[in-house]
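Listed here are the chains, written in short residue letters.
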2 protein chains.
Amino acid sequence: MFLTQRNQYALRAIVELAKRFGSGPVKVSEIATAQAIPRRFLEVILGQLKGSGLVAAKRGYHGGYILLREPEDITVGNVIRFLQGEPDHKDCQNCVFKLQCPTDRDCAFASLWNRVNEAVFGIFDETTIQDLVEDGRMVES
Amino acid sequence: MFLTQRNQYALRAIVELAKRFGSGPVKVSEIATAQAIPRRFLEVILGQLKGSGLVAAKRGYHGGYILLREPEDITVGNVIRFLQGEPDHKDCQNCVFKLQCPTDRDCAFASLWNRVNEAVFGIFDETTIQDLVEDGRMVES
DNA sequence: TTAATTCCCGACTCTTTTAGTCAAGAAAGA
DNA sequence: TCTTTCTTGACTAAAAGAGTCGGGAATTAA
């Protein structure tokens, strides 16, 4: 699989915020219920997501989280990159540049990893949160 | 990253066998040295790989491992699928079929995972072990 | 037939990652 | 001021990942 449970939670939380885009802050507990995510854990995750600039939190009575950009302006790639960075093929980079690579002369994988990486992020980058909201709708009926 | 260290070892071991295809059994210790893989660990991995039908082992004096098919007839996909199976999106399958999915109405991810999976295995399936051997050569010079 | 070599096998350890919890605190509004 | 809601950091538990170890079984050379 490509994403940890945690990162899927993060993505789903954002999708949930997107569904309610424009209707004010959404409480962690609402998101947790809607998406069947453990509330305590989700608090941690959303706390992290604030650092991305994609969401903001508001405390107090009518507090909660809001999405800072329109769902069609956020891609899955934006989210994933924030959560985990692009895969660092540091061993393979070394191979390419021929520096201190443990496998030395025969790292045949640099090109393969690059192609896979580009394919995956190509998809992530062309899929917006809005797309996910709409895909969800289709199944929902 | 897409593959565990262990599975990269497995792939590299097969590449090493491919490089020596046709010249009789190759000892684990030779592969381990050539590819900088801990020998004990590699024994375990190659033991597992026997189950794939891609390699066979011979014991005793001039024993070792051999590749059972030509390097151009084995794809990375063949190896990866044996090692880890195709990712099972069991939660998302549920979403697609609308059965007991934990996220219920809004699993927006089935389509995304499928596209990613197809992209990745598309690349894996069109890359042969021979390709990897040749890529290694290019860097080697 | 014995000794050397090499794979074979299962159990075992160590570390890292992942998942998730908890308690106390700070902001905001009613 | 009381309630609500996010905030923070520490904490625990379970699983996955990486790698080791000792002894046994097949094969071949001497």
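Here, the structure is the one placed above.
From a predicted model like this one, the values you see are computed outputs, not experimental measurements. (Residues numbered from 1 in each chain as written. Chains lettered and ligands numbered in written order. Predicted model: local features only at pLDDT ≥ 70, side-chain atom pairs only at ≥ 80, totals over all residues. Heavy atoms only, no water.)

A. Fine view of the protein's contact with DNA strand D. Close contacts around DNA strand D come from 26 residues, with K27, V28, K50 and Y65 of chain A together with Q5 of chain B the closest. A distance of 3.2 Å is found between a sugar or linking oxygen of DNA strand D and a backbone nitrogen or oxygen belonging to G60 of chain A. Between DNA strand D and K58 of chain B there is a distance of 3.1 Å, counted from a phosphate oxygen to a side-chain nitrogen or oxygen. Among the elements of the structure, α3 (39-50), β1 (55-58) and β2 (64-67) of chain A together with α1 (5-19) and α3 (39-50) of chain B are those that each provide at least two residues to the surface near DNA strand D. Of the residues belonging to the surface near DNA strand D, the class tally is ten nonpolar, seven polar and nine charged. (Near = heavy atom within 4 Å. Polar contact = N/O pair within 3.5 Å; in protein donor to acceptor, adjacent residues only side chain to side chain. Helix = DSSP H or I, 4+ residues; strand = E, 2+ residues; numbered from the N terminus. Nonpolar A, V, L, I, M, F, W, Y, C, P; charged D, E, K, R; others polar.)

B. Highlighting the packing of α1 of chain B against helix α2 (residues 28-35) of chain B. Residue and element names in this part refer to chain B. With their axes 10 Å apart at the nearest point, α1 and α2 run at an angle of 110 degrees to one another. By the angle between their axes, α1 is roughly perpendicular relative to α2. Contact with α1, carried on its side by R12, A13, E16 and L17, involves I31, A34 and Q35 of α2 and no other residues of that element. Here the contact of α1 with α2 is composed, by residue class, of four nonpolar, one polar and two charged. (Axes fitted to C-alpha atoms, helices over the stretch in contact; angles between N-to-C directions. Parallel < 35°, antiparallel > 145°, perpendicular 65-115°, else oblique. Contact = heavy atoms within 4.5 Å.)

C. Structural view of helix α4 (residues 76-84) of chain B. For α4 of chain B, every residue scored as buried is listed here: V76, G77, V79, I80 and L83 of chain B. Mapping the buried residues of α4 of chain B onto a view down its axis gives an arc of 160 degrees, with all of them on the same face. (Buried < 20%, exposed > 50% of the residue type's maximum accessible area, 1.4 Å probe, protein only. Arc of directions from axis to C-beta.)

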